[in-house]
Each structure stands twice: as C-alpha cells, then as structure tokens.
Amino acid sequence: MYNVRKGKMQLPVNRWTRRQVILCGTCLIVSSVKDSMTGKMHVLPLIGGKVEEVKKHQHCLAFSSSGPQSQTYYICFDTFTEYLRWLRQVSKVASQRISSVDLSCCSLEHLPANLFYSQDLTHLNLKQNFLRQIPSLPAARGLNELQRFTKLKSLNLSNNHLGDFPLAVCNIPTLTELNVSCNALRAVPAAVGVMHNLQTFLLDGNFLQSLPAELESMHQLSYLGLSFNEFTDIPEVLEKLTAVDKLCMSGNCMETLRLQALRKMPHIKHVDLRLNVIRKLIADEVDFLQHVTQLDLRDNKLGDLDAMIFNNIEVLHCERNQLVTLRICGYFLKALYASSNELVQLDVYPIPNYLSYMDISRNRLESVPEWVCESRKLEVLDIGHNQICELPARLFCNSSLRKLLAGHNQLTRLPERLERTLVEVLDVQHNQLLELPPSLLMKADSLRFLNASANKLETLPPATLSEETSSILQELYLTNNNLTDKCVPLLTGHPHLKILHMAYNRLQSFPASKMAKLEELEEVDISGNKLKAIPTTIMNCRRMHTVIAHSNCIEVFPEVMQLPEMKCVDLSCNELSEVTLPENLPPKLQELDLTGNPRLTLDHKTLELLNNIRCFKIDQPSAGDASGAPAVWSHGYTEASGVKNKLCVAALSVNNFCDNREALYGVFDGDRNVEVPYLLQCTMSDILAEELQKTKHEEEYMVNTFIVMQRKLGTAGQKLGGAAVLCHIKHDPVDPGGSFTLTSANVGKCQTVLCRNGKPLPLSRSYSMSCEEELKRIKQHKAIITEDGKVNGVTESTRILGYTFLHPSVVPRPHVQSVTLTPQDEFFILGSKGLWDSLSIEEAVEAVRNVPDALAAAKKLCTLAQSYGCHDSISAVVVQLNVTEDSFCCCELSASGAVPPPSPGIFPSSVNMVIKDRPSDGLGVPSSSSGMASEISSEISTSEMSSEVGSTASDEPPSGALNESSPAYPSEQRCMLHAVCLSNSFQRQLSSATFSSAFSDNGLDSDDEEPIEGVFINGSRVEVEVDIHCSRAKEKERQQSLLQVPPEASDEGIVISANEDEPGLPRKADFSAVGTIGRRRANGSVAPQERSHNVIEVATDAPLRKPGGYFAAPAQPDPDDQFIIPPELEEEVKEIMKHHQEQQQQQQQPQLQQQPPQRQYPVDQLPDYYDTPL
C-alpha cells in the first residue's frame, strides 16, 4: 500500500490516495483495496516507458507508459530501501523493447500469463523450453494461445521437442520468420501454405522425409532450412519456391546427387550438401549448371569429383572426402577448399584469374600444379602436409601472393634465385632444408613472419650486405635446427624483430653486442641449447615481456627482472645457484619458474620478494629413498597460456595414489574457459578414489568416475565444458607375481600415448565428427552441426565433460583402454588439445625419448608446440617408467628374498623431530625429473621457507634423515609402490595445490572463507601440507604417534613437534590434495573431503561461509605445540625414553610367544628410534 497520484502534478484535481500497487511482469497494476478483490484495476504497461525521480517529494517515483496515449502514476514509498528496489526493477523493465520478449531457456511448460499483457509483440523467443500445445493444467496457456499475437513477425520455438507441428502459428498472418528446428517433427501440415508473408522457415533437426506441395504458395519464402533431416533426394516443391536462392540440406541421407534436379531450380545459387553420404554425382545429360556459384560437398564419401559442369562456380568446399582426383572449372573460381583428402591430381581449367584463396593441405600431392603460378590474384596458398619436394621459382614471383604455407613436406631446398617477392608470411617448418636461399631475406622486403622450425638448418642468410637494412621481419621461428653461434650476428639485420624462437639448436653463447641491437624484441625462447648466460644487454630490450631459457647451462641469474614489461621468466632445468633481484620486481610479472636447479639456494630477502609473484615455482625439498633403488615412475609437467595470456588448462599428478600403491595423472583442457579445468583438477582424484572402493574393473571405475564428475559439475557444467584424460597405474598386492596396469580414459582431445620399444602406442581416442559412429549418433539425436564442425556451434568433441545442455548429443562417456606395463615401456605422455594439434604422436615420442629428465621432457614438448604455431593453452605431463621383471608387491610376504625397487615417492621424511647439528646422513637431493614444484606462499615465514628450499641462512641437513646403511626394517620386504617409512611415523609431503577462484560466477570465490589450518594461501596459491603413510603399516602402529630420538644427540637441544591428530585415533588417508599440481590462479579455496563432491552442484550460488572451504587438507602443525627440550635435560629424557622402550618390549614379549612371528628384527638391527611417553 502506497500513496499514489495519477496525472500531472500541476493539476489540483488529482489528489494523493492510498492504493495497492503491484509490479506484475512488465506491467504496473494499481487498484484500491476494495476494488482489488473484485478484479477492478488499472494496468500501466512499462515496456518502452520510463521511470523518473520526483525531487519535490521524498522517496517518490513517476512511472510513465510509452506511446501517444501514455499515462503517468506518481508513487511515494515509505522507506528509502523500497524506493531503490522499485527504481531498479522498473528501470530494467522499462528499458526493454516493447516489441521483443526473450523467454528462452526458462524451462517453461506453458506460456506465462503476463506474456499476454501486451498484444503488440513482434518478436518472441521461446526456444529451449518444454512447451506443449495443450498443457496438462486446465488453466495454463498452451501454444494455441499464440494466435492472439496479431502483430507477431518472428517466432522461435526450436528445441521444445513438440513432436507435432503447432497449427496455431498458421493463424498468425503477420509472421515472417518461424523457427521450429529440433522438435522431432515427422511431417509438415498442408496448412502452412496460408502463411503467405513467411520469408524464413527453419525446419532443421527433425525427422522430415518430404514436404507438402502447399509450400509453393509461400511466394515470399527466401530461406528454407532442411538440414539434418531424413531426406534422400531434393524435394520437388523447391522448384516452385523461386525466391529461395540457397539449398540447405546438410546432414541428410543423400547418397547420390542428381544434377538434373538442380537444373530445374535455376534460382538456386548456393548448394549446401555437407555431411551427407554422397558417393557420386549423376549428370543425366546435363550440359552446364550456370546458376550454381557456391557448392559445399565437404564430409561426404566422394572418391572423384568432376565439377567442370559447374562452369560459373566461385567457391567450392570438398574437404574431408576421399578424393583422389579433382577437376574444376576456373572461369570465375575465387576460393578452393580441398584439404584432408587423398589428392594426387588437381586440374583447374582455364587458369583461374580470380582465385584468391586455395587450401589443398593434407593430401598426397608431390608437386605444386603448374597453373597455380599463373593465377594472378592468388593471395593465400596452403600446401602443407603433402609430399612436395620442390617449390617452383615462379611461385615467389607472383605479385599478389601474401601467405605461403608449405610446412610438413619433403622440401630439401627453396628456389635459389629469387626476384623481388611480396610474400608476408612464409611457413616452411618440418621439411628437410639444409639452408635457406642466400637472397631470401634481402629480396623479401615484405616478409613479416618466417617459420623454418624442424629442419636441418646450420646457418641463416643475411638480411643485408651493408649496415643499412630494409627488413621488417617481426616473428622468426627457428626451433629444432642445427644452428650455431655463427648465425647470431645475422639476427641484427632485423631490427624490428619482436618474437624470436631459437630453442633446441646448438647455441653456446649469445653475444651481448648482438642482443643490444634487438631493441624491439618482446619474446625470446632460447631453451634447449648450451648457453651459460643470458647477455646483460637484454636490458636494452625495454619491451621484453617473455624470456624462456630452460634446459640450458645457465649459472648466473640474468638481469631480466629490471625490465618493466616482464611477465614470464622460465629458467628451469639450468645450473643456477643463486638469484639476484632488484629491490622492486616488475609490476606485471606473473610467472617465475626455477624448478630443476638442484644447486639453487635462496636467502631470506629473495624469498620475501618472490612471495609476491602470482606463480613462483621452485623445486620441492624432499628426501631420497633410503635403499637408493630406482623408482618405478617419475613425472614432470608444464603448462603455458595462450595468446590472450589466459591459462585454460590444468594438470593433476598423484605419485602415490590410494596410500602409495598406485599413481594417477591427468590433463584437463577447457578450450576457452578456465573454470571447468580447475574443477576437474580438484575433484576427479577424489571421485576415482571412491569408485575404486566399489569396483576394481578398470573400464567400470573409469567410466563411473567421468559420469559422476559430470553430475558434480552441476550448474558450472551446463554451458561450459572441458576435455580430460586420466591415467591410472595400479598394482594388485594380492597377486605377488602380478604386474603394473596402466589404464587411460579420455574425453575430448586430451590424449595419452605410451612409448613401447621406442614406438608410440596410442591409449586414447579423439571423438569428433570424423568418427563414423559418432557422426551417426549425432544425426540420430538431430543436433545441428555448424559449418565449423561444432555441435550446435559449441564444441568439436562429441564426448566431453560439461555442456549438459547439449545432451544427449554430447555425452561424458570416456574411451577406456588398459595395458599391462612391461620393461619395454619407457614413458607415456599426457597432453592437451594444443599439444596434439601441433605434434603428431610419433614426433612427440621421438622428441623426448632421449631426454632423461621428465620435467625437461615436458618442457621440450611445450616449447616445440609453441614454435610450431600453437596459440592455445598447452599442458603436458611426461611420466617416465622403470618397470622391471620383478615388479610385484610383497608387503604381506615373509622376510625372504631380495628387496624390490622402492615406490616412486620422492618425499621428505617425517618432521616429528628436528635434531640440530646432526651429521648428514647422506640423503640425496631429488632430481628435477619429479617435476614437483612448490609455489611459495607469503603466509609461510621466511625462516620456514629458507630451510625448505635449502637457504644459505641455515646449514642444517634435512631433518629426520635415515642412514642408507641402517634402514628402518632391514629384513622386511617392501614393494615398489610403498614408500620406505617408519611404522610409527608419518611421511609428510608439501603438495603444491592451488585452485582457481577466477570463476566467481560459479560461486567458488573464497574471499569470505575462513583460513584453514594446514593450508597456506597467498592470493592465487594454496599450499597444502599432506600426510602420506603406507597402507601396509599395521593398524595398531598407525594409531600411535611415536617420536624418534637417536641415541646420539647434540648439545643444542631437541625440538619435538607434536602431532596434529588426536593421539590414539587412526589417521584417515587423504586423496584430495596429494596430487594437485601448482597453479597460477587467483585466490583458491580448500574444503573438507566430505564436502568436496557436493559444492560444485551449487557452483553458481553465492559462496557461503563454511568451516573449511571446498577441498580437504590436513591441519598444519602449530609451532606453539612443539616441545623444546633444553640441553641440560637431554640425558634425563633419553633415560626415560629408554626405560619406556624396555617396558614396552617386556609387555609385548608374552604376546609374541603366543602368536607366530611375522616379522623378526635382530636386536643389533633395530631401527634408530624410540617410543616416548611425551
């Protein structure tokens, strides 16, 4: 109830009256309390109207309708809150167009009542609902009510699964556009003939096999969509529809194309017959079809195509057929698309003088057709992925040619004598070039882009013979050649160079004087060489933002941190020993990777500076294995963002999955979204761990994991999706003679390949339109495949996680394949779409087979993909294998036989006790092949981090180290999948686990979350300290938290850290954070494990304050809980502990006599630890 006044404020007859005011849909309803019960009310349409503030009265608004007969109501509100709420809501309604209403994707089962308040609608969108012609409720309004809109021009009823054509729309005489696609229609009624004003009629994605003859009365019909139906021939009624100029019949069931039918339709200019099953064209004595100018026959079954009959053809699409020969008339040909065939002969007659674009890549051509050189207007020529051995010199003389793509051929040389050429983009990567023409860079004045990667080049041609140069070259890619230091001075002839990739060559130095002349350089990649330093003159490159120099021999940290535009620095896998930084880091710095530098030490001041970087990666401190035996597997990973600096990929690695018995690796690719990959990264390991408790069958638990993950995505996966690949290594401990099994499951274009005996063995499958069974399934579900090969224009993959609104066309069921690992298996690679689009599986395996370090191998794959032209986000995980003949689990066997190799875990020993100044026990530093990187958090104190990364601030050896000569259980057999650890202690691993909250729209922002014990959060990073312990330890031993104290101790004292769990309680294994890899993300959040599966279902809701966040992590020990024993009490404490040990042994002696001994330890070989009453 508000005070209301109608009409102008100046008129004295209008008075303020108490009225009931309701905002219903798009109308304002005003009535008195008495009249509201009888239905008498005043309705004010608000669409197109306006709402204004009235300054003369407090909390007053003026509502006005639109049009010449507009009315105005003044309403005074009681409070300022109500005033603002009404102003906001009514302003939104008034801003809408009065003629257009969009109710798509609203889950409507009937038409809402407020839709009919305005009878002047001209555009109505009702797609993606559940509308019925006759609703179940008697009072509801069905589609029959649509005829009340007498001014409606456009109506969209697509994706409602109507089943029958809505006859009510035929009674709307003003309708000009009607969309009834994807409604499972099997027939079109003859009544549609009365819609004489209809101009656009969309019937795609139905089950139509014929059309009524009454359609010929639609004289104004100019577009008729018949794609993805069940037509086997062109409907004859199209002969009468003379206003239609495009035949849209893609995705039907046509096996032959009868050109006689097209001859009867001289008004048809554009023929779209892609994704049929056409095998041949039948001419039937047809001379020429002069009216057809565009012909689309891609994704059919054609073996040969003679298109000479289309003598006026301008654009021809015939990609992804089985063409061996192709003949085209070239009178008016402008564009030819014939990639992904088996062409050995291509004839165009006469010479196409209007041809400007030609793509004949991925065929079997051995030479460039002669007529190509004579085409005077050719601008873009793509002949990549053929078998061409030589390029004609006349091709470079073409004055119109701007872009030449000739990569992945068999070129041994380019034309020597080049005249002046206007080519701007030249791609000759993946050939067999020993050198480039000496005059190439001097004659190519317009060359801006040159990619000569993956050749055998040893030197470069000069850009000029004098000091002055006319080169405008901006991007130069020379990765994976044999270039030496002699080519570096030649780079100075390109002063405008912005991007330089010279990775994996034979460079040993980069002269400082030469680097100083490349002042416009912005990105440089010189990885995989033998450089010992980056020249200090890089300071002259003030625009430099990316420096990638991993896998070299660099000993001195370069001065790149003084460049103001610096964003990314990758110096991993080098020989750095220290880092020198300026007082202030570059403001745009986002990533610094220092992993794989085993001698690197960081002081306090350096750590404080590096903590502010969004993604700082450094080797994780860990203890080597006590036995010194090789690990079964070790991994390395890397990722790189795309051209828009947006990282849309994520990786997962759990070296000891499910209590050290198994391993799990994964790669996730969200294409252009960052939300789904990080949800998959944080959740799939938990789901798989639960599914393993239900079944041990590989295909069953993998399929269930992906299906459950689809459900857990919830609203976050409705309109977003992501590809995924999971690799699970397991070993059956019940079968002593059993071997390791590798199971791979994937959806989308993330794939896995195994290297066996040096040969690639694919373990994944990419489901897309190229798969015959998938295309058949998509057609059965009547999805629309757009011209770019995407389902409903959204995704190329038919099996992918997310995109639930595309179900059942797009499903999450993965391809699962299991293999038994053998000693011949060397490694396997997991990669995202960007990696496999740039490298074949054979090339990827060959590239890293001789790289001993897994991290360096993953880095190499990423660098190669980027140099080969990948602009998407890339993620690569390389897992090296060391499977021996005696790889079996023997944890339950008696103490006999040789000890097999240990588990692959590279973990720090238990941190229950720190012995100061204790002599080193010789624990080895972990190799960088583990690929584990710790993203340093600002929440960790400087002293803590200094000790973790081997700071010079402390000379203490790794605490709690075990001597190789005295293992914990010398006579006990340990399996390769179980870490050697003390039975009464826990192994703690600092797992870099960072999670994305950049997807605040999905409710995963954690700015309002409470801090969690055991989790360090620094802006974009979350670090979780995780306890990992062997599942083969006895339950009784598990429940005890015993401290280790050696018999010899220093005089400075003993620091004992209290366990964070309650004493006497068994510790539960945690899988949620063990394997998550360090991320460069915005603020992340972490939650208890029992909640981690359900929070994604409400991902779009606002984040609520929860006690633990989203994903599980054990608690961090509180420094205040540590017991510090002063030196003067050490001897007394030792005596107490020794006495307690003797009492415990005496109590256990009677029990051991009654039970058969399973494990016996000689007294002289007892482990060096004691139980303590503390």
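Before reading on, note that the structure itself is shown above.
Residues numbered from 1 in each chain as written. Predicted model: local features only at pLDDT ≥ 70, side-chain atom pairs only at ≥ 80, totals over all residues. Heavy atoms only, no water.

**Let's talk about the overall build of the protein chain**
- Within the protein chain, the secondary structure is distributed over 17 helices and 53 strands.
- Burial statistics for the protein chain: of 1174 residues in total, 56% are counted as buried.
- For the protein chain, contacts bridging at least 24 residues in sequence account for 55% of all contacts bridging at least 6.
- Taken as a whole, the protein chain presents about 50,100 Å² of accessible surface, with 48% of it coming from carbon and sulfur. (Helix = DSSP H or I, 4+ residues; strand = E, 2+ residues; numbered from the N terminus. Buried < 20%, exposed > 50% of the residue type's maximum accessible area, 1.4 Å probe, protein only. Contact = heavy atoms within 4.5 Å. Areas by Shrake-Rupley, 256 points an atom, 1.4 Å probe, with all protein chains shown as cover.)

**A look at helix α11 (residues 772-780)**
- Along α11, the residues that are buried comprise E774, L775, R777, I778 and K779.
- Backbone geometry just after α11 places K782 at a positive phi near 60 degrees.

**Quick look at unusual backbone geometry**
- Residue P350 follows Y349 across a cis peptide bond; omega there is -5 degrees.
- Tracing the sequence through the fold places P350 in the loop between β23 (345-349) and β24 (357-359).
- Here N159, not a glycine, exhibits a phi torsion of approximately 55 degrees, which is positive.
- With respect to the helices and strands, N159 occurs in the loop between β10 (154-156) and β11 (177-179).
- Phi is positive for Y803, close to 50 degrees, though the residue is something other than glycine.
- In this fold, Y803 is placed in the loop between β43 (801-802) and β44 (815-820).

**Points about the packing of aromatic side chains**
- Under the defined criterion, the tally for this structure stands at 12 aromatic pairs.
- Measuring from centroid to centroid gives 5.6 Å for W633 and F740, while their planes differ by 85 degrees, and the two rings are edge-to-face. You can see W633 sitting in strand β36 (residues 633-640) and its partner F740 sitting in strand β40 (residues 740-747), a full 107 residues away along the chain.
- Since its relative accessible area comes to 1%, F740 is described here as buried. (Phe/Tyr/Trp six-rings, centres within 6.5 Å; stacked < 30°, edge-to-face > 60°.)

**Re the pairing of strand β35 (residues 615-619)**
- Among the five residues of β35, four are classified as buried, and the element is accordingly described as predominantly covered.
- Note that strand β34 (residues 591-593) and β35 share three bridges and pair parallel. What sits directly across from L592, in β35, is F616. (Pairing = 2+ DSSP bridges.)

**Here's the deal with the sheet that holds strand β21 (residues 325-329)**
- In spatial order, the strands read β19-β21-β23; together these three strands make up an open sheet with parallel pairing. The outermost strands of the open sheet, each flanked by one partner alone, are β19 (304-307) and β23. Across this sheet, the average inter-strand angle for adjacent strands is 10 degrees, counted without regard to direction.
- Sheet topology note: the β21/β23 ladder contains five bridges and is parallel. The residue bridging I328 from the neighbouring strand is V348, located in β23. (Axes fitted to C-alpha atoms, helices over the stretch in contact; angles between N-to-C directions.)

**Quick notes on a nonpolar patch on the surface**
- Where nonpolar side chains cluster on the molecular surface, the patch consists of Y331, F332 and Y354 and spans about 330 Å² of accessible area.
- When you line up the elements, Y331 lands in the loop between β21 and β22 (335-337). (Patch = residues over 30% accessible without salt bridge, like charges linked within 9 Å, V, L, I, M, F, W, Y side chains within 5 Å. Salt bridge = Lys/Arg side-chain N within 4 Å of Asp/Glu carboxyl O.)

**Regarding the environment of H57**
- With respect to the helices and strands, the residue H57 is situated in the loop between β5 (50-54) and β6 (60-64).
- Since its relative accessible area comes to 28%, H57 is described here as partly exposed.
- Each C-alpha atom, one on H57 and one on C76, is 7.6 Å from the other, the two residues being 19 residues apart in sequence.

**Topic: the packing of helix α13 (residues 841-848) against helix α14 (residues 854-867)**
- In the contact formed by α13 and α14, the axes pass within 9 Å of each other and the chain directions differ by 135 degrees. With respect to α14, the axis of α13 lies oblique. Our pair here, α13 against α14, has a crossing hand that is right-handed. Along its contact with α13, which presents A844, A847 and V848, the element α14 presents A857, K860, L861 and L864.
- Taken together, the residues of the contact of α13 with α14 sort by class into six nonpolar, no polar and one charged. (Parallel < 35°, antiparallel > 145°, perpendicular 65-115°, else oblique. Left-handed = near helix turned anticlockwise from the far one by under 90°. Nonpolar A, V, L, I, M, F, W, Y, C, P; charged D, E, K, R; others polar.)

**Quick notes on the side chain of N409**
- On the secondary structure map, N409 appears in the loop between β26 (403-405) and β27 (425-427).
- When neighbours within four sequence positions are excluded, N409 is seen to be in contact with I383, G384, H385, N386, Q387, I388, H430 and N431.

**Looking at the nonpolar core**
- Residues L146 and L336 are the most contacted members of the largest nonpolar core, which totals 159 residues.
- At the level of elements, α3 (259-263), β19, β21, β23, α4 (393-396), α5 (440-443), α7 (604-610) and β35 are the ones that each hand at least two residues to this core.
- With three residues, the top contributor of residues to this core is α7.
- When near neighbours in sequence (up to four residues on either side) are disregarded, L336 contacts L316, L326, I328, L346, L355, Y357, M358, D359 and I360.
- Membership of the second largest hydrophobic core comes to 34 residues, among which are V674, V676, Y701 and A716. (Core = buried A, V, L, I, M, F, W, Y, C linked by side-chain atoms within 4.5 Å.)

**Focus: the pattern of salt bridges**
- Taken as a whole and judged by the stated rule, the model has 28 salt bridges.
- For R274, the salt bridge identified is with D272, shortest N-O distance 3.5 Å.
- Here R274 falls in the buried class, since its relative accessible area comes to 7%.
- For the salt bridge of R413 with E390, the shortest nitrogen-to-oxygen distance reads 3.4 Å.

**As for helix α9 (residues 675-692)**
- For α9, which comprises 18 residues, the first-to-last C-alpha distance of 26 Å matches the rise-based estimate of 26 Å (1.5 Å per residue) to within 8%.
- Counting buried positions along α9 yields 17 of 18 residues, so the element is predominantly enclosed. (Expected span 1.5 Å × (residues − 1).)

**Quick look at the sheet that holds strand β45 (residues 825-831)**
- With respect to topology, five strands assemble into an open sheet ordered β36-β46-β45-β41-β42, the strand pairing being antiparallel. At either end of the open sheet lies a strand with only one pairing partner, and these are β36 and β42 (759-762). Each strand of the sheet is rotated relative to its neighbour by a mean of 20 degrees, with strand direction disregarded.
- Strand direction decides the pairing type here: strand β41 (residues 751-756) and β45, joined by six bridges, are antiparallel. In the sheet register, L754 faces β45, and the bridge partner there is F828.
- Against the sheet, α13 touches β41, β42 and β45, its axis set at about 125 degrees to β45.
- The strands touched by α14 within the sheet are β36, β45 and β46 (874-881), with β36 carrying the most contacts at an inclination of about 30 degrees.

**A short note on the pairing of strand β3 (residues 27-31)**
- Of all five residues in β3, five are buried; the element is thus mostly enclosed.
- Inspection of the sheet shows strand β2 (residues 17-24) paired to β3 by five bridges, in the antiparallel sense. The residue bridging L23 from the neighbouring strand is L28, located in β3.
- What sits between the antiparallel neighbours β2 and β3 is a turn of two residues, in which G25 has the positive phi angle 65 degrees.
- Here four bridges tie β3 to strand β4 (residues 42-45), and the two strands are oriented antiparallel to one another. Among the inter-strand pairings, C27 is bridged to a residue of β4, identified as P45.

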